[in-house]
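Residue strings, one per chain:
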Amino acid sequence: MKQLGLHEIRKEFLDFFKEKEHLVVPSFSLIPKNDKSLLLVGAGMAPLKKYFTGELVPPKNRMSTCQKCIRTGDIDNVGKTARHATFFEMLGNFSFGDYFKKEAIEWAWEFLVERLELPVEDLWVSVYEEDDETYQLWNEHMGVPKERLVRLGKEDNFWELEVGPSGPCSEIHIDRGIKYGCGSDDCKPGCDCDRFLEVWNLVFTQFDKDEKGVYHPLAHPNIDTGMGLERIAAVLEGADNIFEVKEIQKIINKIESISNYKYGTDKEKDISIRVITDHSRAMTFLVSDGVLPSNEGRGYVLRRLIRRAARHGKLLGINTGFLNDIVNTVIDSWKVEYGDLADQKAQINKIVKAEEDKFQETIDQGIAILESYIDEMVGKDENILSGERAFKLYDTFGFPLDLTKEILEERSFGVDEEGFNLNMEEQRNRARSARVDSDNSGWGGKDNINLFDELSSEFKGYQYTDYNAIITGLFKDNEVVDELSKGEEGIITLDKTPFYGESGGQVGDTGTIKADSFIAEVVDTKHINDDLIVHYVKVLEGNIKLNSEVNAKVDDFRRDSLRRNHSATHLLHKALKEVLGSHVNQAGSIVLPNRLRFDFTHYEGISKEDLLKIEKIVNTKILESMEVKTSILSLEEAQKTGAIGLFESKYGDEVRIISMGDYSKELCGGTHVNNTSNIGLFKILSEGGIASGVRRIEAITGLGVYDYLNELNNEIDEISHALKTNRSSILDKAQSLTEEIKLKDKEIDELKRKMATDIAQDIINSSTDLDGSKVIAYKVENMDMDSLRNLGDEIRNKIGSGIVVLASVNGDKVTFLAMATKDLNSKGISAGNIVREVAKVTGGNGGGRPDMAQAGGKDTTKVEDALGIVPELVKTQLK
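Predicted model only: the values in this text are computed from it and were never measured.

## Details of the overall build of the protein chain
Part 1: For the protein chain, the helix and strand inventory stands at 25 helices and 35 strands.
Part 2: For the C-alpha atoms alone, the extent of the protein chain along its principal axes is close to 115 × 90 × 55 Å.
Part 3: Within the protein chain, the fraction of its 879 residues that count as buried is 49%.
Part 4: Roughly 42400 Å² of accessible area belongs to the protein chain as shown, and the carbon and sulfur atoms make up 46% of that amount.
Part 5: Taken together, the 112 basic and 150 acidic charged side chains of the protein chain have centroids lying 5 Å from each other.

## Quick word on the nonpolar core
Part 1: Ranked by size, the top nonpolar core spans 111 residues in total, and within it Leu112, Trp138 and Trp200 carry the most contacts.
Part 2: Top contributing element to this core by residue count: helix α12 (residues 345-379), with ten residues.
Part 3: Discounting residues that sit within four places of it in the chain, Trp138 has contacts with Ile105, Trp109, Val125, Val127, Gly143, Val144, Leu149, Ser170, Ile172 and Leu202.
Part 4: Of all hydrophobic cores here, the second largest spans 28 residues; its members include Leu571, Ala575, Ile617 and Cys668.

## A closer look at the environment of Tyr536
Part 1: Mapped onto the fold, Tyr536 is located in strand β20 (residues 532-542).
Part 2: Taking the C-alpha atoms as reference points, Tyr536 and Thr525, separated by eleven residues in sequence, lie 6.0 Å from one another.

## Structural notes on the side chain of His173
Part 1: Along the chain, His173 falls in strand β7 (residues 164-175).
Part 2: Looking at His173, its side chain comes within polar contact range of the side chain of Ser126, at 3.2 Å.

## Some words on the state of the cysteines
Part 1: Applying the stated rule across the entire model yields zero disulfides.
Part 2: With no disulfide partner, Cys191 has as its closest neighbouring cysteine sulfur the one in Cys193, 3.6 Å distant.
Part 3: For Cys191, a relative accessible area of 32% translates into the label partly exposed.

Rules behind the numbers
- Residues numbered from 1 in each chain as written.
- Predicted model: local features only at pLDDT ≥ 70, side-chain atom pairs only at ≥ 80, totals over all residues.
- Heavy atoms only, no water.
- Helix = DSSP H or I, 4+ residues; strand = E, 2+ residues; numbered from the N terminus.
- Buried < 20%, exposed > 50% of the residue type's maximum accessible area, 1.4 Å probe, protein only.
- Areas by Shrake-Rupley, 256 points an atom, 1.4 Å probe, with all protein chains shown as cover.
- Lys, Arg positive; Asp, Glu negative; His and termini not counted.
- Charge placed at Lys NZ, Arg CZ, Asp CG, Glu CD.
- Core = buried A, V, L, I, M, F, W, Y, C linked by side-chain atoms within 4.5 Å.
- Contact = heavy atoms within 4.5 Å.
- Polar contact = N/O pair within 3.5 Å; in protein donor to acceptor, adjacent residues only side chain to side chain.
- Disulfide = S-S within 2.5 Å.

As structure tokens, then:
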């Protein structure tokens, strides 16, 4: 066999098929493009699916790739065996109606036998039991003897979906030797033992399966092949499994050096090594492709991988952050093929570290809580953790349910998943009910869409803010009416309207609708569906009647403010990507007349320096006076231009693209300025997190910035007046006052300590003696807790042996402090227990350590009674 490493095999394969006139393309992203049926790419053909179905025309009828893949279906088994992995690379060659079985078989055999120099006598082939054509090609054309050809059924050698393309497949296996076998004389491919390893699957897509299960021959059949890169590398290197492949061994070696554990010496620890090894590759490529940790979808897969790897690091005794050291080993090795890994190294490190740190903050506490739950279950002879408790671990300590399950399974326990899901749904319902429904105006909305059946309106607001129209509908209190009178509120629909209905984050327009017989104020406008805009109105004068000819006029000043703020969100989005990274995507927005709010995906808070950089970029683009252009394209054409699509599921066949010079290009239906200079100025007011992996920026533009600067100016004047200094000396004055305050605070503390010393002896003189120890219970007036502690320390230090209980009354508030000397602690005296009982007399509670504790009380009239029980409490506690 040829001596090639993993990266060399990849190159050899792609070069081979390039020679066979295939278009070799780089691996597609792990995030499926325009395919909502997939969460992540898990097969080499997945990104090419639309070429196979005919929805898209391929760039060439012959293609070849080495595709990054992630499969999480059996993630729980990763590590437990050496066969399972979440991340792998799939080598593949594909034909879209070009060559078929003969060429696919010839080239597969040529590559394995001539290029990789695998021994022919060790290669076996399986075919679908009814596929005589393929059997004959292998036997008669390629010369594979019948004794190494195996016919298998549909379960093993037929690929199909419920409906659509399908066909038989043929698998090439390598005989690893008798030592891997089951000992049966009939051992061959299809056997459950480990002797025969499938290395390459050739799928012959020659049928179109209909709803009735009938297979119709395709006029132009396709070829889809797949060979696992790690698996064929293991074969060439003589490795037992993928974890022994040299490139993957580099990752294991790094984990060994960090954990001081040698792989192969302990079965349980070996599991942890394999988990970290596999997951480190998966997390590296996921983050590189733009996935961020979150609690949903792809983000949840990434979060689960990072947290599972971090937890297995703990099992190896690694108690500090370590994942980036492993990730960097992956980057250093795989950058030979994936150069973007090196380019994004800093970004990948930041995201992985942020998630690992977040988990490290709670993992120890969470595991301790889970251990206490397990102890309780053992005591009660139970073996299922309640869904409520599993949800608490998830909600409070960030433990994904799968991690809780894994830890429990290691101890032979289970979890109530149904109860967990019920708790999750209850939390979601609480969140939903807590939100303010902005559409709940009492006038109807999208929930009352049937009210507006058969109505439509043509939007004219991109070109006009003043337009003549005809009233097509009048509504009041969710009913159709013939007219609206002065003082009434209702809804008007028009055949044509310049009013923008709330959508895409931009609020609806306001203005007036009027005719000779009435004037109505438009207080809001909403999109009911793609074809209808409704106007929420209050009648100021006259009566409105159906079919009236009217003039609809938008509030131009307000619309201009909305234009400025909406266009600014596009510039902000682009600037965020430039400064923070390509992983940034819009997660929501609201465009108001007086401000804008932009939510986006990002894993950590933005530094002050980066915020200033982002703000400066936006203002620079405003000052560049870039022309803002609108174009209408098909969705496919728009994607080719590189336009950013934020919510693809909402788009129709044609989309509207807003371009700002050569800088920003987004799919958008909102209203915008004609030139970026119209925005005026841009100022960020705040930045913060609103959910895991989601940040929010609030900002203002135009006159909003002018008003903001005026307010700041006025505040500076007021501050300078209050500090009795001029504007240029405010900072010096504030620093000077801060130093003065510090000095005065120090003087006050000194006086408090002196006062404590002065009265300490008087209090000691009031003590009683109990078996050679002093018992002190004393009330003082208007003393804060710090002063009370100083006094308690002073007394305790002087008495040698004893207990001090002090009470301070401040208005209607009672504060108790108890301190005990160490010798009394050893005799059973606990300041925490004593102060708790004392506070109860006044209706309060508290507690603390055996040597010092504090409590609060409510009834000031019972302070003396509370202090009176101290001697008896001390007697009962003494051993």
